[in-house]
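Single-letter residue listing:
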Amino acid sequence: MRDTLGIVASGLCLLHCMLIPVLPALGGLGVLVALQGSQYLHLALLIPVVLLALASFPASCRRHRRHAVMIAGFSGILLLVIALYLEGIWELLASILGAGLLILAHWVNRRLIYRAVLAD
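Not measured: the values here are computed from a predicted model.

1. Observations regarding the overall build of the chain
Working step 1: Of regular secondary structure, the chain possesses six helices and zero strands.
Working step 2: In sequence order, the chain lays out its α and β elements as α-α-α-α-α-α.
Working step 3: Looking at the 120 residues of the chain, the share that counts as buried comes to 34%.
Working step 4: Surface exposure of the chain reaches about 7,300 Å², of which carbon and sulfur atoms provide 74%.

Structure, rendered in structure tokens:
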């Protein structure tokens, strides 16, 4: 369940990042564009992503012993945190790569846990 929520939360981050270049082109959505660029929104998206990763990866990796999953997940978080301090295309690239890496890590983690449960 934690990995599914992690995928959803990371997916919202990814969606947010991909909408940044599109919203100004739509015009007339001033409030939405202002909200899109808010640091508070970035933190509101980042906090659950970090908490879900902390709740999911360490315990799961102790069970399936594939630590590369945890390394990939926490690398995704690191990219998202770094993106907070970048601007322009670099912020966008770091955010998309970080969210994508987290989604992949949660997906692989979920599959490995499912296999471990079946093996027991």
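Having put the structure on the table, let's press on.
2. Examining the packing of aromatic side chains
Working step 1: Inspection of every chain in the model, using the stated rule, returns one aromatic pair.
Working step 2: Geometrically, the ring pair formed by Phe57 and Phe74 is edge-to-face, given 5.9 Å between the ring centres and 85° between the ring planes. Taken together, the positions of Phe57 in helix α4 (residues 39–64) and Phe74 in helix α5 (residues 67–83) put the pair 17 residues apart, joining distant regions of the chain.
Working step 3: Using a relative accessible area of 0% as the deciding quantity, one classes Phe57 as buried.

3. A few points about the packing of helix α1 (residues 2–19) against helix α6 (residues 88–119)
Working step 1: At a minimum axis distance of 9 Å, the contact between α1 and α6 shows a crossing angle of 160°. Classified by the angle between their axes, α1 and α6 sit roughly antiparallel to one another. In terms of crossing hand, the pair formed by α1 and α6 is left-handed. Here Arg2, Asp3, Thr4, Gly6, Ile7, Ser10, Gly11, Cys13, Leu14, Cys17 and Met18 of α1 lie close against α6, whose contacting residues are Leu92, Ser95, Ile96, Ala99, Leu102, Ile103, His106, Trp107, Asn109 and Arg110.
Working step 2: A class-by-class count of the residues in the contact of α1 with α6 yields 11 nonpolar, seven polar and three charged.

4. Observations regarding the environment of Arg2
Working step 1: Mapped onto the fold, Arg2 is located in helix α1.
Working step 2: The exposure class of Arg2 is partly exposed, given its relative accessible area of 43%.
Working step 3: Arg2 sits 104 residues away from His106 along the chain, and the two C-alpha atoms are 8.6 Å apart.
Working step 4: Ignoring any residue separated from it by four or fewer positions in sequence, one finds Arg2 in contact with Leu52, Ala55, Ser56 and His106.

5. A closer look at the confidence of the model for the chain
Working step 1: Across the chain, the average pLDDT comes to 82, with 84% of residues at 70 or higher.
Working step 2: Confidence, expressed as mean pLDDT per element, reaches its minimum in the chain at helix α3 (residues 30–36) with 54 and its maximum at α5 with 93.

6. So, the nonpolar core
Working step 1: In terms of nonpolar packing, the biggest core is built from 18 residues, with Cys13, Val49, Phe57, Val69, Leu80, Ala99 and Leu102 touching the most fellow members.
Working step 2: Put simply, the parts of the chain that give this core at least two residues each are α1, α4, α5 and α6.
Working step 3: Of the residues forming this core, the biggest block, seven residues, is contributed by α4.
Working step 4: Excluding residues within four positions of it along the chain, Val69 makes contact with Phe57, Cys61, His64, Ala105, Val108, Asn109 and Leu112.

Cut-offs applied
Residues numbered from 1 in each chain as written. Predicted model: local features only at pLDDT ≥ 70, side-chain atom pairs only at ≥ 80, totals over all residues. Heavy atoms only, no water. Helix = DSSP H or I, 4+ residues; strand = E, 2+ residues; numbered from the N terminus. Buried < 20%, exposed > 50% of the residue type's maximum accessible area, 1.4 Å probe, protein only. Areas by Shrake-Rupley, 256 points an atom, 1.4 Å probe, with all protein chains shown as cover. Phe/Tyr/Trp six-rings, centres within 6.5 Å; stacked < 30°, edge-to-face > 60°. Axes fitted to C-alpha atoms, helices over the stretch in contact; angles between N-to-C directions. Parallel < 35°, antiparallel > 145°, perpendicular 65-115°, else oblique. Left-handed = near helix turned anticlockwise from the far one by under 90°. Contact = heavy atoms within 4.5 Å. Nonpolar A, V, L, I, M, F, W, Y, C, P; charged D, E, K, R; others polar. pLDDT = per-residue confidence, 0-100. Core = buried A, V, L, I, M, F, W, Y, C linked by side-chain atoms within 4.5 Å.

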